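Structure at a glance
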Amino acid sequence: RAVQEERFRGVAGVHTNAMMNSALLNEYCRLDAAAASLLERARIGSPFGPGYDRIRKVARTIADLAGRAEVAAQDIAEAINYRSLDRGNWGR
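Criteria and thresholds
- Residues numbered from 1 in each chain as written.
- Predicted model: local features only at pLDDT ≥ 70, side-chain atom pairs only at ≥ 80, totals over all residues.
- Heavy atoms only, no water.
- Helix = DSSP H or I, 4+ residues; strand = E, 2+ residues; numbered from the N terminus.
- Buried < 20%, exposed > 50% of the residue type's maximum accessible area, 1.4 Å probe, protein only.
- Contact = heavy atoms within 4.5 Å.
- Areas by Shrake-Rupley, 256 points an atom, 1.4 Å probe, with all protein chains shown as cover.
- pLDDT = per-residue confidence, 0-100.
- Phe/Tyr/Trp six-rings, centres within 6.5 Å; stacked < 30°, edge-to-face > 60°.
- Expected span 1.5 Å × (residues − 1).
- Core = buried A, V, L, I, M, F, W, Y, C linked by side-chain atoms within 4.5 Å.

Glancing now at the overall build of the protein. Across its full length, the protein carries 5 helices and 0 strands. Helices and strands in the protein line up, N terminus first, as α-α-α-α-α. Of all 92 residues assigned to the protein, the portion counted as buried reaches 32%. Sequence-distant contacts, at least 24 apart, represent 53% of the contacts inside the protein between residues at least 6 apart. Carbon together with sulfur atoms contributes 53% to the accessible area of the protein, which is approximately 5,700 Å² in total.

Below you can see the structure in the form of structure tokens.
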């Protein structure tokens, strides 16, 4: 939380990654080529739909917990797995 509080200091009404709007998401969750490619491959033909931004927000949090300034492909992969669990696809 402290990392997120510092990141959003001066941004009215935003204190956590989950509260980011699209503009903030584009600013604070830039993806390198590998991460963007992985997310795009996962998005094609998937049921994520509006969950696309949620995956990016969760990936930003995963990177924060790992102490990384940038979101890596491994963070996107982990967030996609969590999203799959969230949708009730686990255990099948």
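Don't stop here, the text continues.
Below, the discussion takes up the confidence of the model for the protein. On average, the protein scores 86 in pLDDT, and the residues at 70 or more come to 83%. By mean pLDDT, the top-scoring element of the protein is helix H1 (residues 2–7) (95), and the lowest-scoring one is helix H5 (residues 73–86) (85).

Let us now look at the packing of aromatic side chains. The full count for this structure, using the stated rule, is 1 aromatic pair. Measuring from ring centre to ring centre gives 5.4 Å for Phe8 and Tyr28, while their planes differ by 85°; the resulting arrangement is edge-to-face. Linking Phe8 in the loop between H1 and helix H2 (22–28) with Tyr28 in helix H2, this pair joins segments that are 20 residues apart in sequence.

Secondary-structure assignment places Asn81 in helix H5. Along the sequence, Asn81 and Ile55 sit 26 residues apart, while their C-alpha atoms lie 9.3 Å from each other.

The terminal C-alpha atoms of helix H4 (residues 51–65) lie 21 Å apart, and with 15 residues this matches the ideal 21 Å at 1.5 Å per residue to within 8%. Every buried residue of H4 is accounted for by Gly51, Ile55, Arg56, Lys57, Ala59, Arg60, Ile62, Ala63 and Asp64. The positive-phi residue at the C-terminal boundary of H4 is Gly67, with phi of around 80°.

Membership of the largest hydrophobic core comes to 16 residues, with the highest contact counts inside it found for Val71 and Ile76. Broken down by secondary-structure element, the contributors of at least two residues to this core are H2, helix H3 (33–43), H4 and H5. Among the elements that take part in this core, H4 stands out by supplying 4 residues, more than any other. When residues no more than four places from it in sequence are discounted, the contact partners of Ile76 are Leu31, Ala35, Leu38, Leu39, Ile55, Ala59 and Val71.

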